[in-house]
Amino acid sequence: MDVKIEQSWKDVLSAEFEKDYFKKLTEFVRAEYLSGKTIYPAAKNIFNAFNLCPLSNVRVVIIGQDPYHEPGQAHGLCFSVENGVDLPPSLVNIYKEIESDLGHKSTTNGDLTSWAKQGVLLLNSTLTVSAHVAASHSGRGWETFTDAVIRAVAQNKNHVVYMLWGSFAQKKAEFVDEHENLILKSAHPSPLSAYRGFFGNHHFSRANEYLIANGSEPIDW
């Protein structure tokens, strides 16, 4: 199957694209976009996280659940919204933690493309969603695919920082060697849980300290 995705990802994920689950997933997603319903993100942005962050560039992995499901928000990067869009509550809390942790405001406007270009894989576990209906495309195969993505990173890269916020993201840790990478876990930045351990987790400074200690440049958060 010819999937339009950045070449290094295409190379390591080619076996996934030929599996029955992925073919069924592709049929489902294509039918959803053709049905007349509004699906997010735009089809051209489904693999945006991969196209902006080739495998060789990956230094940090942040895992979300599924795309934002309201107009103008989702563009293929977890937690990110396009420039000019009001910041969703989880992203507001991410910025609060960055300011508290690093002592300065984030340099982004809500569009986290600059993070992706620095080597931050901003991966949702599910890559598509129906408008206004959270988790509407869960259980269709995306989770199996993104498990394979994490395995591919773990098998091809060491000294990667995995920021796993909330129990859903933390399930992906089972594919990662904690002795060769840094796994950071905390509560999710959602307003429903941020005060249960996201605030004060110091993940952004800890990530940069680890990257520097392993000969890599820090991320400009």
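The coordinates are above.
Overview of the pattern of salt bridges
- Within the structure shown, the criterion is met by five salt bridges.
- The salt bridge partner of K10 is D2, with a shortest N-O separation of 2.6 Å.
- By relative accessible area, D2 is classed as exposed at 58%.
- When the shortest N-O distance is used, the salt bridge between K105 and E99 registers 3.4 Å.
- K105 gets classed as exposed once you look at its relative accessible area, which sits at 61%.
- Residue E99 is classed as partly exposed on the basis of its relative accessible area of 35%.

Section: helix α1 (residues 7-17)
- Those residues of α1 lying buried are S8, W9, L13, E16 and F17. Considered in projection along α1, the buried side chains sweep an arc of 150° and stay on one side of the axis.
- On its buried face, α1 sits against α2 (20-34), α3 (48-52), β3 (120-124) and α6 (142-156).

What counts and what doesn't
For every chain, the first residue of the written sequence is number 1, and numbering continues from 1 along that sequence. The predicted origin of the model limits local features to residues at a pLDDT of at least 70 and limits the giving and counting of side-chain atom pairs to 80 or more, whereas totals for whole chains, interfaces and linings rest on all residues. The basis for the side-chain values is all heavy atoms of the structure; hydrogens and waters are excluded. For this document, the term salt bridge refers to a Lys or Arg side-chain nitrogen within 4 Å of an Asp or Glu carboxyl oxygen. Three exposure classes are used, based on accessible area relative to the maximum for each residue type with a 1.4 Å probe and protein chains only: buried under 20%, partly exposed in between, and exposed over 50%. Per the convention used, a helix needs a DSSP run of H or I reaching at least four residues, while a strand needs a run of E reaching at least two, with both numbered from the N terminus. The arc in question is the one traced by the directions running from the helix axis out to the C-beta atoms. By definition, residues are in contact when any of their heavy atoms lie within 4.5 Å.

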